[in-house]
Structure formats: C-alpha cells, structure tokens
Amino acid sequence: MGLNIFLFLSGVLFICNGLHVLGPSGPLTVKLGGSVMLPCYTEAPLPLEELEVEWKRTDSETLVHLFQDRGSRPEAQDQAYSGRASFFTGEVERGNFSLLLTNLTAKDAGIYYCSVYRQQETGQTSVEIKKIEYLTVTGGHVISAYASEDITLNCSADSSVPPEELEVSWKKVDQQIPVLLFLNGEIQTESTHKRFRDRVEFFSREERQKGNFSLRLKDLQIEDKGQYMCEVFSGEFADNTIVEVQHLGFSSIHLGIFVLCMLAFVVPVLLSYSVCTSLKKNDYSRRALAVQCMLVCCPNIALWLAFILWGVTEGFFTEAATCAALNLLRILSLFWIAPYLDTFKEGLQRFIIRSAITLEYTAMTAFSYLGLTVRLWNIYQGNRNYFLLVPITFLLLVLLLLCMYIFIQGLKKISKEEIWNYRLTEFVNFGRGYVIVATHVFNFVNAALAALILLPVIFSSVRCQYLLNRGAKVLIWMALLLILEVISASSSVYLHVLLEALEIRKERVGLTCVAAYFYVLSGILLFDAMFYFYGLFNRRLHPNRTPQALEFDSAVTKSQRTSGHAIVYMLGAVGLIFVNSIALAVELILKARNGERIVEDLRVILIPSECIFATCCIMLKISACWQTNRGNLMDDLRDLHQWCGCKQVSVDSPIQSHELRSLQSKEADGAAQ
C-alpha cells in the first residue's frame, strides 16, 4: 500500500527485475463520457518477441487489455471494456504501452496496473482515475406563447460538483444579450440587461440545489421571441442547451391596438365621401357638422388610445407619449383649419383660433423632452452640479408661463397676442437647446449654437419708428426675421444630431424630427407675428381705417376660406390618419413575426408627415394674407424695388398711393349717397 502511494504522488520509476516502467505523476481527473490516456512506457524500446503487456484493475482483477504475441488480444479482455480500451499500435515497438480508454463511465474510476513482461524481466506502474467529473445540461425545447404571459425556460444541470459551485449563464443568442447569471452561489442580477430587468428569475434555492436552473420569464413581450442559451460551466467543462421562444401570439392589449388602428383606418374611408360632398356644397347643417366632427374626433381618439397601449406593452415612454399627444391635439389643429369653424360657438371658436397651435407646441414639448429632463436631473443627483438645474428650471418656467398664457388668451383678447405667442415659443426653443447642450457636452461651440436660437426673439423686439415709416423697410425687417428663424432652426436641429449618450441614442432621430416639427409650428406663429407688424404699419398710414379691417387674426374668415383649406383639412383628417394607423399596425405585425422592432422610433414616420400638414397650413396663411393685403403689398414691393435703387422711376410714394385710394373710396361713397 505504501508503494502505491509513493507511485501516485511522485511519479516514480519502478524497477522490477531490470525493467524500468514509467507512469503518471499523480491521479487523473477525467470527464464523464470522454476519453483518457493511461500513461505507461519504458525508458527504451523493447523487442516485441516474447513481450507481454497486461492492464488490470486492482480492485477486481478485471483484465482491461492484453498485448501478447506481437498483437492485442481483445477476446481476453473483460466485456465492460470491449471496444473502449486500446493501445496506440505504432507506439508499442517504441516502448509506449499507454492505454486509451474511451466512453468513460462512473464505474471506470479506480486504480489500474500496467504490467510489462519480457522473458525473466518484469516491470509495473499504476494509474489512478481518482475522479470522473461529469456535466450534463438538458432541457432544450420550443415554447409557443402569447405576449404578456409568464413562461418557463427549462434547464437542468447534472454535475459531479455541487450546484452551488456551478456557473450558469442565460443569454439571448441572436443578440448576445445577458439575461441572468448564477455565480459563486449567488444570483447576479446586476448583469441582467435592462430589457429583462425585473422580468426574469430562477426558481427557489431548493430547486437550484437539485440542479434546476430553469428561468422564469414574466410579462412576455414580442421582442422576446428568439433562442435562449442556458450555458453551465464547471471548471474546464462546459455544456449548454437551447430553448426557443417562437409563435408569439397577440395578447389582448395587442389585439386592442390592432382593432383601434383598424377603426381609425375604416372611419375616414366610410365618411370621406359624405364629408367631401358637404364641403363641396358648403353644407354646414347640424347633420353635416356631426359627420365632420365624427371624422375629426373618432380616428384621432382611437389612435390616441392605441399609442397609449403601445407604450404600455412595446414602445418607450417618450415615443408613445409624443405620438399619443400628437393624435389627440390634431383634433384642435383640424378644427383650426376647418372650413366650418365659423359655425362654432364664439367662445370655443376664439379658443381654437388663438390657442390651438400654441397648445399643441406646449404639450408636445412637455412629453417629448421629459426623458431628457429626467436624465439631466439624474446627472445632477450624481455630481450635484447646480449649473444643471438652470436649463431644467428655465424650460419648466417658460412652459408653465406659456400654458397660463394659452388659456388666458383663449378666454380674453390680449393686446399683441400674436407676437407674444411667437416670443414665448422661441424662449421654449432656447430652453430645449439649453437642455440638449447640458445633457451632451457643454462647451463654447455648443453654447454658441444654443445662443443662436435666441436671435429671432431678440430681433423681433427691435422695433422703432424708423422701421415703420416705409413699407420697404418693413418688408426687409420681415425677411431678416425669417432668415434668423431659419438659422435658429438649423442650430437647434444640429444640436439634436449631436446626441450620443447611450441611453438616448435610439431617440436621437425621433427627437431631431420633433425639433424640426416644432420649428414648423413656430413658423406658423412667426407669420402671425409678421402679419401683426404689417398691420401696425398699415394702421399708422390709415388711422381712419376700422380696426376690423386692419387686424389680422390667427385664422381666416369664412369668406377667405377656399378650396385649398378643404384640401388641407382632408389631408389632415384622412391622410395623416392613414399614415399613423398603417405605421402602427405594420410595426406591430412585423414585430410579432420577427421578434424585434423594424423602426426603433415611430416618430420618424409620424412627425415628417405632420410637418407636411403644418407646412400646408403656413402656405394657406400666406395666401390669405396676400388676398387681404394684396394692394398694399404690391405698393410696398414697388417701393422696395425703388428704394434699393434697382429701377429709377417716378412713382408716387406708398403713402401717397394709399391716400389716393382712400380719397377715391370716399368720393365713390359720396356719389352713391
């Protein structure tokens, strides 16, 4: 027994009757089901004549392998080793009698003797297979389920080591997303990807001690579709199994989203003919108005609910909130441009005319930039940099002031409301840019870009008597203000392109589209402000003209509403609804089929189409202003042409022309009397 211990620990040389046989330096550890070489060799090659090599187990004297008469004798070996034990044929004549043992089982553990006989000489060494490690992972299967359900991904580990010493890793194969990790006897939840956080868990400790590392996945989502790997590590050994989640059916919420999209699509199809007919005939009876209101309200409310449900199940907050608010506030925008607005009650009509665009701008800003504001607040909580509170406070205060102004002007006429609507939205634009700069990297270049956003509101405040004494100067002032607005919009959009933070990178394109849309809305308010200034110029030239003739309201009168208004109205009431409902329904279907989103942010589809609608509204405002002030504008353009020195002609001044037309009008009135 002492001799065996000496052989196992030291790998000594046995010297028996002159043969020097070498073996391993210590016990062997092998893997269940694998192969192992049991070393046995001599220092020098031996002639094959009369050479006999015998491998036996010491515990049962079982003959494992026999080499005799220049060849192996498989018929002599025990049946348990038949086909599993063999020599390296070409190595025997070199003195290498190592045994290759394959398909190891738990019973193969033990001590093996390698005995070499030649004539009167004998040599022997022993090899111990001390431990047979085994690791088998099972549980691979396919799961079909419905979204929002809880499922179990099976994974069982059978190992020679205690389960607490295993390392078990669950991950989503197609995207290499870590799902859950078990290491050092503890569940490492911090390694879980945020997509699966609070939705995955192992079974109880008692189950894990039995080797049950099945994963419970709660609140199944459509993007969870795919293959999941349960990989188990034990020392140098590893094994894994694959579970596939497929055929995800729609949950009740998904079905609700799909039904709402279909409803929003079908209602305009059914009502379009009736609405077009009533618009063509100028039929604004109670029944016709009821159909018009149904066309405006029902699809937009359906899409509002659909996007709320989308945010609950699949979308992220800012996307869902922005899209939902966009569809709900479109009701006011459509009424604002509707040919039948004059049929509404005076109070409601006044609120829509004065507050529709500003209210949409304010609400969209609040929902779209809430995520950035919260992120900036979290950065402040981490480093306590009070400078970060400035953009948050400024943006919130301006939004609050704008909200108060919206409802006040909707209830009561405020002097210069057009210019203040525009100025307040420009301050909000600056606040948004300031938040972007503080969230990204604050440096001189970014700060300068944010400062450019304030140029239009500063320039709009530069009004002196010198600017209002000639129509050409007013037109130049309006053109410069428009150019500064374009520069401001370009700076703001570029700041959004700079967003590179990992948490908001997927929102960058969507936020950039939203920023562009805000400047289209600001453009509507800008033209209101410019027309207001032009009205001041006309009022100074014609103090006897009635205020109604000089005042340019945010909306056009019934007599000024043309077929263009009906076309733009139908574009918003039908075209935008089709785009929104189809985009959401297709994204839902494709995500169910592919397991992941095709469009990361639906705002990149919805917002550009909304920009087209708002741009059409701007064109209608410009057209209405031209129709109202065509004569004055033509005179001022001729004055600008002359003032710039492009063409020297003898013409009456714009003031003289205006006075001449006024005098001719009075003479015509006197003759009629």
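Everything in this summary refers to the structure shown in the same document. What you see is a predicted model, and the numbers here were worked out from it, not measured in a lab.

## Let's talk about the overall build of the protein chain
- On a plain count of helices and strands, the protein chain comes out with 18 helices and 23 strands.
- With 673 residues in all, the protein chain has 51% of them scored as buried.
- Looking at the protein chain alone, contacts between residues at least 24 apart form 68% of all its contacts between residues at least 6 apart.
- Carbon and sulfur atoms provide 60% of the accessible area of the protein chain, an area that totals close to 31,600 Å².

## Observations concerning helix α17 (residues 630-643)
- Compared with an ideal rise of 1.5 Å per residue, which puts 14 residues at 20 Å, α17 spans 20 Å between its outermost C-alpha atoms and is within 8% of the ideal.
- Residues Asn632, Leu633, Asp635, Asp636, Asp639 and Leu640 constitute the buried set of α17. When α17 is viewed along its axis, its buried side chains cluster within an angular range of 160° and face the same direction.

## Considerations on helix α15 (residues 563-594)
- With 32 residues, α15 ought to run about 46 Å at 1.5 Å a step, and its terminal C-alpha atoms sit 45 Å apart, in line with that.
- Of all the bends in α15, the largest measures some 30° and sits at Leu571.

## Section: the sheet that holds strand β11 (residues 110-118)
- The strand order across the open sheet built from 6 strands is β3-β12-β11-β6-β7-β8, with neighbouring strands paired in mixed fashion. The open sheet has two edge strands with one neighbour each: β3 (28-31) and β8 (71-72).
- The pairing of strand β7 (residues 63-68) with β8 spans 2 bridges and is classified as antiparallel. Bridge assignment links Gln68 to a residue of β8, and that residue is Gly71.

## Things to note about the environment of Thr277
- Mapped onto the fold, Thr277 is located in helix α3 (residues 252-280).
- Sequence separation between Thr277 and Ala288 is 11 residues, and the spatial gap between their C-alpha atoms is 9.5 Å.

## Brief notes about the pairing of β11
- Summarising the sheet, strand β6 (residues 51-57) and β11 pair through 7 bridges and their orientation is antiparallel. Within the sheet, the bridge partner assigned to Trp55 lies in β11 and is Cys114.
- Sheet topology places β11 next to strand β12 (residues 121-133); 9 bridges connect them, and they run antiparallel. Each residue of the ladder has a partner; that of Cys114, found in β12, is Thr125.
- Connecting the antiparallel pair β11 and β12 is a turn made up of 2 residues, with Gln119 showing a positive phi of about 50°.

## Section: the packing of aromatic side chains
- Taken as a whole, this structure holds 16 aromatic pairs when the rule is applied.
- Ring geometry for Tyr340 versus Tyr569: centroids 5.6 Å apart, planes at 90°, classification edge-to-face. Here Tyr569 lies in helix α15 and Tyr340 lies in the loop between α5 (317-337) and α6 (346-368), a separation of 229 residues in the sequence.
- Tyr569 gets classed as buried once you look at its relative accessible area, which sits at 0%.
- Between the aromatic rings of Phe430 and Tyr434, the centroid separation amounts to 5.8 Å while the plane-to-plane angle is 40°, which identifies the pairing as tilted. Taken together, the positions of Phe430 and Tyr434, both in helix α9 (residues 417-439) and 4 residues apart, correspond to about one turn of that helix.
- Residue Tyr434 is classed as buried on the basis of its relative accessible area, which comes to 16%.

## Focus on unusual backbone geometry
- The backbone phi angle of Arg70 is positive, close to 65°, even though this residue is not glycine.
- For Arg70, a relative accessible area of 52% gives the class exposed.
- The phi dihedral of Asn103 is positive, around 50°, even though this residue is not glycine.
- For Asn103, the location among the structural elements is in the loop between β10 (99-101) and β11.
- Taking relative accessible area as the criterion, Asn103 reaches 49% and is therefore assigned partly exposed.

## Description of the pattern of salt bridges
- A full pass over the atoms with the stated rule returns 13 salt bridges.
- Between Glu91 and Arg94 there is a salt bridge; the shortest N-O distance is 3.5 Å.
- Classification of Glu91 as partly exposed rests on a relative accessible area of 30%.
- Salt-bridge contacts for Arg199 lead to Asp224; the nearest nitrogen and oxygen are separated by 2.9 Å. In this pair, Arg199 is assigned in the loop between β19 (186-187) and β20 (200-202) and Asp224 in the loop between β21 (215-217) and β22 (226-234), connecting sequence segments 25 residues apart. Each member of the pair Arg199 and Asp224 is classed as buried.
- Through salt bridges with shared partners, a single network forms among Glu201, Arg216 and Lys218.

## Description of a nonpolar patch on the surface
- Residues Leu455, Ile476, Leu480, Ile483, Ile487 and Trp643 make up a contiguous nonpolar surface patch of roughly 470 Å² in combined accessible area.
- A per-element tally of the nonpolar patch places helix α12 (residues 471-497) first, with 4 residues.
- Among the structural elements, Ile483 can be located in helix α12.

## Side note on the packing of α5 against α15
- Where α5 meets α15, the closest approach of the two axes is 9 Å, and the angle between their N-to-C directions is 165°. Between α5 and α15, the angle falls in the class roughly antiparallel. Every pair of crossing elements has a handedness; the one defined by α5 and α15 is left-handed. Residues Asn327, Arg330, Leu334 and Ile337 of α5 form the contact with α15, whose participating residues are His565, Val568, Tyr569, Gly572, Ala573, Leu576, Ile577 and Asn580.
- Among the residues forming the contact of α5 with α15, the class breakdown is 7 nonpolar, 4 polar and 1 charged.

Each value, and the rule that gives it
- Residues numbered from 1 in each chain as written.
- Predicted model: local features only at pLDDT ≥ 70, side-chain atom pairs only at ≥ 80, totals over all residues.
- Heavy atoms only, no water.
- Helix = DSSP H or I, 4+ residues; strand = E, 2+ residues; numbered from the N terminus.
- Buried < 20%, exposed > 50% of the residue type's maximum accessible area, 1.4 Å probe, protein only.
- Contact = heavy atoms within 4.5 Å.
- Areas by Shrake-Rupley, 256 points an atom, 1.4 Å probe, with all protein chains shown as cover.
- Expected span 1.5 Å × (residues − 1).
- Arc of directions from axis to C-beta.
- Bend = angle between axes of the 7 residues up to and from the residue.
- Pairing = 2+ DSSP bridges.
- Phe/Tyr/Trp six-rings, centres within 6.5 Å; stacked < 30°, edge-to-face > 60°.
- Salt bridge = Lys/Arg side-chain N within 4 Å of Asp/Glu carboxyl O.
- Patch = residues over 30% accessible without salt bridge, like charges linked within 9 Å, V, L, I, M, F, W, Y side chains within 5 Å.
- Axes fitted to C-alpha atoms, helices over the stretch in contact; angles between N-to-C directions.
- Parallel < 35°, antiparallel > 145°, perpendicular 65-115°, else oblique.
- Left-handed = near helix turned anticlockwise from the far one by under 90°.
- Nonpolar A, V, L, I, M, F, W, Y, C, P; charged D, E, K, R; others polar.

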